Structures are given as C-alpha cells and as structure tokens.
Amino acid sequence: MTTTNSTPTQPPQVTPFPRFIGTQQPRSTPRRVGPIDTLPSREVLARLPELSTWSHLTGVEMRARLRAAERLLAWLAERPGTGWQERWDSCETDPGPLSWVPDAASANGRCVKNFRSEVVSGLAGLLLCRLVLPSYDFLVDYGAVRLFADVRTELSADAFTRAEEAARARGMIGRQVAQTLTCLSKIVLHTGKDLHEVTADDVLEFRAWNIGRYGRHQTGIHGAWDVLCDVGVLDSDQSLRATLRTGQSTTEELVAQRKIQCAPVRDMLIRYLNERRPAMDFSSFRQLVGTLAGTFWADIERHHPGIDTLDLPPEVADAWKARIAFTSGTKGPKKPRRGRLEILARVRTFYLDIQEWAHEDPSWAPWAVRCPIRRSDLAGVAKRNRARTAEVHQRIRERLPHLPTLVDTAQKHREDQAALLDAARRTPIGESFEHDRRTYRRIQYRHDTRSASQHGPDAIVITDEHNGERIELLRKEEDAFWAWAIIETLRHTGVRIEELLELTHLALVSYRLPDTGEVVPLLQIVPSKSNEERLLLVTPELASVLASVICRIRGEDGRVPLTARYDAHERVTGPMLPHLFQRKNGWRREIISTKVLYRLLDETLERAGLTDRAGQPLRYTPHDFRRMFITDAVTGGLPVHIAAKILGHHSLDTTQAYLAVFQEELIKSYRAFLDTRRAARPAAEYREPTEQEWNEFQQHFELRKVELGTCGRPYGTPCAHEHACVRCPMLRVDPRQRRRLEEIIRNLGDRIEEARVNGWLGEVQGLQTSLEAARNKLSSLDRLARNRMRNRTSVALGMPIIPGEER
C-alpha cells in the first residue's frame, strides 16, 4: 500500500469509456452500414462468387448457396427500410432473418436441416461481403464457427496473421489463440471495420455486451486487447484490466456520490477534506469522506430536510446519535454498530479542526460552531480499546500453539503434491499408478475439462480411482507450493499482507558488519502503512523459502519476470518490478491477489483440521501471523523497542497491543528475573543464617521501638540522625503518643526562648529545626486522624451539574 502524499491526478487512459463499463448501451451516433448497403440484389449476388472462401466450391454447391442467398435477399427486400441494414435491423431479433426457413423448406419439399444449412452458408457469404453488420446477439445465436475462420481469410488477412503471431509470442496456447481470434472476428463483423481500424471503444463495447448478456466478459477479450496493443492497432501499453481501473477519485467526485443537497455545506466539506487529504492514505481518506459526507451530513439532510448549518439543534444531534448507534440494515433486527465511537470521534475532530483553523484563517469562522459531540460521548473509547486488545490477545493465545501444526500441514501437502506430480509425469496416459496407498489413472487432456484450462495441453490430469475425482496436478501442486511459501514468509517476517505481495527480487540486499566483516542478508520492506522503509534480517529458514520462490518463478533467461501490482486500496498500479509472489495465469504473469491468498490459507487450515476449545474451525488471517511473530520474538527475549522497529511501529503502545502474554510465560519470566538477580548477588547471602545472625535480626526490630513510635529504617542500617528521632523522616509516630509530642513541642518553645535570652543563637537554630519537624509530625498525625474519621461515614454527593457545553 502506498501512502498518498498529495491530491492525486487521474492516471492516463486511452479514452473515457463510461457507457461501456456496464451493459451495452445505445449508440450515440448512427450505426455504420456496409459498403454495399444500397446495391440491388443482382449486383450483390454477383459479388459472392468472388469471395476467396467460395473458390473451392463445386458448381452444385455454389449454385445452392447462391439460390439460398437470393431467397434471403428476396425476403429482406419485403422488410421496411431504405437499405439492407435498416431492413436487417427491423427483423434481426423479431421474427429473425432465418424465421422463414422452415416454411420455405416445406413448400419446396426439402429437409429443414439441409435447407437451413444451405441458407446459413448463403448468409455467411452476405456477411463476408459486408452487406449488413450483424449484432453480437445474432452472431452468438447464429453459431457458425466456420464463419469466424473465414473472416480471418477474407477480411484483413495480413492483420489477422500478425495478430496470431503476436498471440503465440505472448505464450498463448492453441485454444487461447482461437478464442482471441474469434473475439476479433466478431468485432470486425459487427463494426464493419478492418482489423487495423478497430478502436478501444469497439473492444470495450464488445466487453460491455458480454457482461450484459452473460454477467461476465467473454474468454479471449483480454487476449484480444493485448494482441491489438502488440500489433500497434491500439496505442496503449496497459492491459485491459488496468485500462478499466478508474484510479483515485477526486474529493469532489467522492462527495458527489453522497448527494448532499446544501451547496454551501457541500463546498465546505470538500474544502475541509482537501485540507486533510495530503496527510492520509486513500483508503483512510475514503473512509473519512464516507463518515462526514455520508453517515453524518447526508443522514441529517435525509431526516431533517432544509438544514443548512453545522450548528445543530440539540434534538437533531441527539436523534442522529441515536440512529448511528445501530446498523441501518433492512433485513433482520438492528444490531449495535461496532464503529459508533469511531464515527463520533471523526465528527468531533471535524468540528474542533474548524474551530482551531478559524483562529488562523478567518474564512473558516462562519463554520466554527459548538461541537454536538461532547467528550462524555466518547467515554467508552478506552474501555472499547481494552476490550479489543483483550480479544486480540486471546486470539493469539488460541492460535500460536497450533502454528507448528499448520506449518507441518503446509509442508507435508507441498511435498505430497510434488511427489504425486512426479509420479504422474512418469506414467503414460491411460495407465494407472499408486501413490500413498491410493490408485490414480492418468487421462488425456480435454478442452472441455474446466480444471485443465489453466495449463492447456501441458496440463497433467488424473482421476482418483477411489472416488472418481478429476485432478489437474499442475494447478494443485502450484497451489500447495504458494500456500507453503506464504505461510512460511508471514511467520518468519511478520510483514503485512500488502508488504508480502510487494516483495521483489530487488528487496534482497546484503550488509557487511564493520567489526567482523561478516556479510548479513537483509530483506528490504518498502514503505507501506506507516510510510516507513525498514530492513529485516533474513534467517536461514526464510532464505530457504525465498530461494525456492525465486527458482520457481525464474524465466528461461534466468531472470525473474517483471510484473506490475495494482493496489486496490490506493487504486494505483505500481511499476514493473520482479515481484516474488507472482504466478502464471494463462499467458499472463500476475501478482497473487488477496483473494487467492486467503483461499490458499483457508484450504490449508481446512486440511489441518484445527479447532478451538468449542470445537469450531480455527481461522487465521495474515495479520494473525504478524502478531504471533512478534509475540514469539518478545517472549523469546527480544526487547520491545527493537520489536517495534521490526514491525515498523512509531509507538511502543501499538507494539505492546500486539503482544499476547501467556500466564506460563509470565511465571517463567518472573522466575528467570529472580534467578538472574540472585546470580548477581554474593552466594553467601543465600546460605542458611547462623543462630547469632538470627538473634541479631530479631534484636533489630526490638531496637526500632522509640519514645514516640517506631523507627522505619531498613535492617542492617545505622541511625542516620544520631537518635534525634523528632527530626528523622523514618519516624512513624504512634497516635497514642500525641500528648507526649505536644509536650516536646512546648518544651522546645521554652528552650528556644531561653536560648534567645542568653544569646545562644547557634542553639536557637538547631532547636528551631527540631520544632519545625515536630510540628510537621503533629500535623501528619492530625491529618491521619481526620482521614480515618472521614472513612467511617458516607456522604451523599448527588448528581454533578456541569454548566455550559463541555469541549
């Protein structure tokens, strides 16, 4: 994740495509017509034999197709319209260009199937002549696969040849090449353009139609886009997926989504948010916009139409607080909102920011009003934080003991899948083999095998003879490897999920220790959530994992392929880098997505069969590994401030919230502390005391009893004030000796007066110090007595009344 440092600009796009993001939309310009749209039927029929795809036909076949085309033209001529395209459009969907075929076949005594085949062949010739430009719906219903192959021969043959070469150069296999060329053929037929004239709008329109009809884009559309870019038809170096990404929205666009009615408030919110935006990452910024513009102000406008001031009446503010206390779902009963305190805190910060800014910039003064969120409304924040921290700690206490089992499961599954793949490779197709006391049969790759489409003809497919399960081993072994690599890297580094996916080959660096000259491997973590770069020491275990990853993803040239990662939170695409956690998806290399990462982790957990104390499946998140990593490190002796540096935390409080201290570890740590302290002391201090030493120890406590109370000096220490107890701070006055203390105070006063009369000024100073100490001890005695008296009775304090509004 990359932190936003300034208000972002939109990434460059080929062209804006707002009408093609969803379903296919009506054209804003008149639909193009074919080059022979106005020719009479006779001249149209004369062009058909000139088609290169008809040159191999016999005389009988050509006459049959010409008759079929002539009948189709005669039927179209009866439809309304000034040209062939208008007539075609009027009947393409209802009743359909081939609706007359059954009746015509019956009238001529022909088999409907054979007669339809002839008419379809004749229609194919008319489409290749570009008499009409069919819709995508018709091309799908028409179902003439041969037509799309003829398009590549008849229309833009050279361009299609270069497109096929570009597809194979990208690493596409036979089926993927065919799907890509079929998509291009449909676009050429529909638009009436040659292949080199196709635009980005045409490709995206085809994609939009697929989404409208099937709910997803057609297989091959991404390949069609990439091939058109490779041959220079489209001027873009981005993939289709990257082109469709909208990037970071502006503040105005984000606020406009909330449909705020009051223009002055809307403008003020935009201005405030633009002030906050540079210091926030985009994900946090969108959350802030959603709270202030949506959950706060849009909700108030919805329930109190016409309001135009931030100075909310108390009843309006109270009603809004009551609404956000619960979720606003329409299904089922309302539930308490978990993020209620965060919403209140953001709104309070919003008001207080404006109040503070108004002191420096008077233009904010009209909006500087009293805050409807009192400090008392946020009284539960500390309690909530403690509860969340306790939940996190308990979560780690439950999961950390099971971590070795999870790691062993991932390792064992990886080794098992690798061994199974190796055994299948040695087995001829059609024969059976045994592995781990189970029997498998290797079968032939089939195009309709969904699980084998990822690797095409290179796929190794087997069936389990026990349950008939079909397994694509290359995919299974790949999933097992990446699940193992992800778990091992997370547990050895404690990195965040976005930091894991952003690791590159360039992140492995070395450092030479200045004192010993030893070379230490380090792993560079790029700036992420805290926008702070850091280095981690690579342990031998982590080095082994990273080496396995690099060996797996290296290309034939020995280099790690370059890929770009899209940050869905920041909505930006990073540069092309040799990312480590990449895999091949068809012919493309892509960074492992967050969705795939969670799937691989969940599958490993299900395979491990871990459960909690209640018997429920135990689930791990990538952040759990981060907490377990630092908890294990700190309990192993790593100082907390070093742990904070490793995690990239600016505050020790954040790191301490990650640490789950076990009761067993607490006892061990305290006992270790005692052992360490004893080891630092002379051994003679821990021997058995002699009779004389024991008597001396007991005598010490007897000697602590003095005239006014008890001496509190430690054992083995002499009297520091030469038994001038009234001055000593270690004296604990016995309340029963109050009268004697008062007599000493009176006596000291008399002696001071006598010393002054006789001119003994040195004596006056010493007696004055003793008198002051005696008075302080008497005051302490009185204060102690009052406290004891106060605790004996209870006083009704009543409810406090706080005047005014509390900031």
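What you are looking at is a predicted structure, and each value in this text was computed from that prediction instead of being measured.

1. Some details on the overall build of the protein
When helices and strands are counted, the protein shows 30 helices and 13 strands. Expressed as a percentage of the 807 residues in the protein, the buried residues total 41%. For the protein, the share of sequence-separated contacts (at least 6 apart) that also reach a separation of at least 24 residues comes to 61%. Entry remark: accessible area of the protein is about 45,400 Å², with carbon and sulfur atoms responsible for 51%.

2. Remarks on the sheet that holds strand β1 (residues 432–435)
In a beta sheet, neighbouring strands are held together by backbone hydrogen bonds and run either parallel or antiparallel to one another. The 4 strands are arranged β1-β2-β3-β4 in an open sheet whose pairing can be described as antiparallel. Both edges of this open sheet fall to β1 and β4 (470–472), since each of them pairs with a single strand only. Across the sheet, the axes of successive neighbouring strands diverge by a mean angle of 35°, strand direction being ignored. Two strands pair when backbone bridges link them, and strand β3 (residues 461–464) and β4 are joined in this way by 3 bridges, in the antiparallel orientation. Within β4, the residue paired with T463 across the bridge is R470. Here helix α19 (residues 403–425) sits on the sheet in contact with β1, β2 (438–443) and β3, set at roughly 155° to β1.

3. So, the packing of aromatic side chains
Enumeration according to the criterion identifies 17 aromatic pairs in this entry. Aromatic side chains Y136 and W209 sit 5.5 Å apart centroid to centroid with 40° between the ring planes, which places their arrangement in the tilted category. A residue pair is termed long-range when its members are at least 10 positions apart, and Y136 in helix α6 (residues 136–142) and W209 in helix α10 (residues 200–214) qualify at 73 residues. The exposure class assigned to W209 is buried, which follows from its relative accessible area of 4%. An aromatic cluster is present here, built from Y272, F296, W297, W320, F350, Y351, W357 and W364 joined pairwise through their rings. The cationic tip of R65 hangs over the ring face of W54; the distance from NZ or CZ to the ring centre is 5.7 Å. A cation over a ring is seen here: R245 above Y566, with NZ or CZ 3.9 Å from the ring centre.

4. Structural notes on the layout of surface pockets
Estimates place the volume of the second largest pocket at around 670 Å³. H413, D416, Q417, K476 and R607 are the residues nearest the centre of the second largest pocket, which is lined by 30 residues in total. When contributions to the lining of the second largest pocket are tallied by element, the ones reaching two or more residues are α19, β2, β4, α20 (473–493) and α23 (594–608).

5. Some words on the nonpolar core
Counting 70 residues, the largest nonpolar core has Y142, L147, L184 and L195 as the members making the most contacts within it. Sort the elements by how many residues they give to this core and helix α5 (residues 112–128) lands first, with 8 residues. Residues L403, L542, L580 and Y620 belong to the second largest nonpolar core, which totals 45 residues.

Thresholds, definitions, all that
- Residues numbered from 1 in each chain as written.
- Predicted model: local features only at pLDDT ≥ 70, side-chain atom pairs only at ≥ 80, totals over all residues.
- Heavy atoms only, no water.
- Helix = DSSP H or I, 4+ residues; strand = E, 2+ residues; numbered from the N terminus.
- Buried < 20%, exposed > 50% of the residue type's maximum accessible area, 1.4 Å probe, protein only.
- Contact = heavy atoms within 4.5 Å.
- Areas by Shrake-Rupley, 256 points an atom, 1.4 Å probe, with all protein chains shown as cover.
- Pairing = 2+ DSSP bridges.
- Axes fitted to C-alpha atoms, helices over the stretch in contact; angles between N-to-C directions.
- Phe/Tyr/Trp six-rings, centres within 6.5 Å; stacked < 30°, edge-to-face > 60°.
- Lys NZ or Arg CZ within 6 Å of the ring centre and 35° of its normal.
- 1 Å grid on protein atoms, 1.4 Å probe; cavity = no way out; pocket = protein on both sides within 12 Å on 5 of 7 lines; lining within 4 Å.
- Points joined across faces, edges and corners; volume = space filled by probe spheres on them.
- Core = buried A, V, L, I, M, F, W, Y, C linked by side-chain atoms within 4.5 Å.

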